[in-house]
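Reading the structure
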Amino acid sequence: MATSVERSPESGEDAYSTIRGELKQYSFQTEPVPRLHHLDPRVEALMRAEKPVVITDTNLVKSAFHWDADYLSSNIGSAKQTVYSSYKNKFLYYDDKKLPQFPDLQLATKHEEMTFKEFTEKVKNHKKGDKIYYLQQALNDSVGKSLVLDFIKFNWSWATEQQKKYKWGALTSNLLLVGMDGVITPAHYDEQQNFFAQIGGFKRFLLFDPSMFECLYPYPVYHPHDRQSQVDFDNPDHERFPNFRNLYGQEAIVGPGDVLYLPIYWWHQVESVPNHGMTVSVNFWYKSGTEEKIVYPLKPQQKVAMMRNIEKMVTSAINNHEEVPHLLKTMVLGRYT
Ligand SMILES: CC1(C)c2ccccc2-c2ccc(C[C@@H](CC(=O)O)C(=O)C(=O)O)cc21
Ligand SMILES: [Zn+2]
């Protein structure tokens, strides 16, 4: 398993077209996410409309372009990192605070703590059939000094300018993501604005408008897999999830230096492109700004937030999540048709 992060001369345009030809096709259609230079006025129009866009030449994480396995091993420090392991290439997110309510939930993804050196060893010695690893660690003050210096040199003036221009809230975290090639984060949405900066290797994003909620059937809010789609994209169950047929989305390949604006509530599935080496990314999660005033008709994002609040209220009021399905079905079936 190559641990070298892809930094080939092929990362020109032809790398993207080579990769485009290799990608797994799904049952739904997609159209490309616009890929624009950060000074292109269309970037602002798309960001104001909370639509995804791949922004080039921002130099957002230029100071981290040398973050490959060896550099990170010797400079990230000896602290334990958060790593997920799985026998499959899919890494389903889960909220461990909700696990106690689901004692017999079979988790394919296991949370392991290990040093970065141990992580790179496992990646280097990986053989077919072995566990697959995905490091996901919030950048914090435990990292070595040289990483701190690289972090300080991120293009914060550009990031802060965007944060102010679009009235986003506080930056909550920067996650360092180091994935073995071929790892997949299945379709889910997050409740924060996201600048996703690619440092090494290539990632394929499948993106779906928040209004596609009705095609993607997320788990209940009280479930550990809250915000994740229940649909297996490789083998969709059309009986349980009939609207999945109506799904369509956008697609983007991000390579070193690209920054994807991933708007709050937009669904995304992320694949580390197979056979193009380990991937290194850093995301920038921002709280969404506080809505000045409610404008009608409500945006799909606001309806998702409303549905989440209804599920949370019913679950806490009835105080037993096993009774929630019956109550909601009683309230809707045969009445709201
Ligand atoms: C799958 C994984 C490792 C994980 C396991 C358990 C708990 C949380 C998470 C988690 C959170 C974020 C990402 C990064 C990214 C997806 C990607 O790049 O793969 C993404 O979705 C985003 O930036 O919003 C990845 C993960
Ligand atoms: Zn996400």
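Residues numbered from 1 in each chain as written. Chains lettered and ligands numbered in written order. Predicted model: local features only at pLDDT ≥ 70, side-chain atom pairs only at ≥ 80, totals over all residues. Heavy atoms only, no water.

Quick word on the site of ligand 1
Our working rule: Here a residue is considered near a molecule or strand provided that any single heavy atom belonging to it is located within 4 Å of it. We define a polar contact as two N or O atoms separated by no more than 3.5 Å, with the added condition that, inside protein, one atom must be a possible hydrogen donor and the other a possible acceptor, whereas residues neighbouring each other in sequence contribute only through side-chain atom pairs. All accessibility values rest on the Shrake-Rupley procedure with a 1.4 Å probe; residue burial counts only the protein chains present in the view. Strands are runs of DSSP state E lasting at least 2 residues, helices are runs of H or I lasting at least 4, and numbering of each runs from the N terminus. Polarity classes work like this: nonpolar for Ala, Val, Leu, Ile, Met, Phe, Trp, Tyr, Cys and Pro, charged for Asp, Glu, Lys and Arg, and polar for all others, with Gly in that last group.
Neighbouring residues of ligand 1: 17 residues in total, closest Tyr 93, Tyr 134, Thr 185, Asp 190 and Lys 203. At 2.5 Å from an oxygen atom of ligand 1 is found a side-chain nitrogen or oxygen belonging to Thr 185. Within the side chain of Lys 203, a nitrogen or oxygen atom sits 2.9 Å from an oxygen atom of ligand 1. Calculation on ligand 1 without its partners gives an accessible area of 540 Å², and the protein chains cover 97% of this total. Looking at the shell around ligand 1, the elements that each hand over two or more residues are strand E6 (132–138), strand E7 (171–179), strand E8 (184–188), strand E9 (193–200), strand E13 (267–272) and strand E14 (279–286). Of the residues in the shell around ligand 1, the class split is nine nonpolar, six polar and two charged.

What about the domain arrangement of the protein?
To keep things clear, this is the line we draw: The start and end points of each domain follow an automatic or database-based domain assignment. The contact definition used throughout considers only heavy atoms, calling two residues in contact when any of these lie within 4.5 Å. By definition, the buried area sums, over both parts, the 1.4 Å-probe accessible area that each loses when the two are put together. In the sections that follow, a salt bridge refers to a side-chain nitrogen of Lys or Arg positioned within 4 Å of a carboxyl oxygen of Asp or Glu.
Along its sequence, the protein is carved into domain 1 (13–286) and domain 2 (300–332). A separation of 29 Å is found between the C-alpha centroids of domain 1 and domain 2. Facing 16 residues of domain 1, the contacting portion of domain 2 comprises 12 residues. Interface of domain 1 and domain 2: buried area, both sides summed, is about 1200 Å²; carbon and sulfur atoms make up 63% of it. In terms of surface lost to domain 2, no three residues of domain 1 exceed Val 221, Tyr 222 and Tyr 265, which account for 47% of the buried area on that side. At the surface where domain 1 touches domain 2, the tally comes to two salt bridges. Glu 191 is paired through a salt bridge with Arg 308; the nearest N and O atoms lie 3.4 Å apart. Here domain 1 and domain 2 share five residue pairs in polar contact (both at pLDDT 80 or more) between them.

Points about the packing of aromatic side chains
Any pair of aromatic rings gets described here by the distance separating the centres and the angle formed by the planes. Heads up, the rule is: We call Phe, Tyr and Trp rings a pair once their centres come within 6.5 Å, taking the six-membered ring for Trp, and we label the pair stacked below 30 degrees between planes, edge-to-face above 60, and tilted otherwise. Exposure is judged per residue with a 1.4 Å probe applied to protein chains only, and the accessible area is read against the type maximum: over 50% gives exposed, under 20% gives buried, and values in between give partly exposed. For a ring to carry a charge above it, either NZ of a lysine or CZ of an arginine must fall within 6 Å of the ring centroid while also lying within 35 degrees of the normal to the ring plane.
Counted under the stated rule, the structure contains 29 aromatic pairs. Centre to centre, the rings of Tyr 84 and Tyr 94 are 6.2 Å apart; their planes meet at 90°, and the pair counts as edge-to-face. Here the residue Tyr 84 occupies a position in strand E4 (residues 81–86), and Tyr 94 occupies one in the loop between E4 and strand E5 (110–114), the gap between them amounting to 10 residues. According to the relative accessible area criterion, Tyr 94 is buried, its value standing at 11%. Ring geometry for Phe 195 versus Tyr 286: centroids 6.2 Å apart, planes at 85°, classification edge-to-face. With Phe 195 in strand E9 and Tyr 286 in strand E14, this residue pair connects regions lying 91 residues apart in the sequence. Through a chain of ring-to-ring contacts, three or more aromatic side chains come together here, namely Trp 158, Tyr 166, Trp 168, Phe 195, Tyr 261 and Tyr 286. The ring of Tyr 16 is capped by Arg 35, whose NZ or CZ atom sits 4.5 Å from the centre of that ring. A cation sits over an aromatic face here: Arg 227 above Tyr 93, 4.7 Å from the ring centre.

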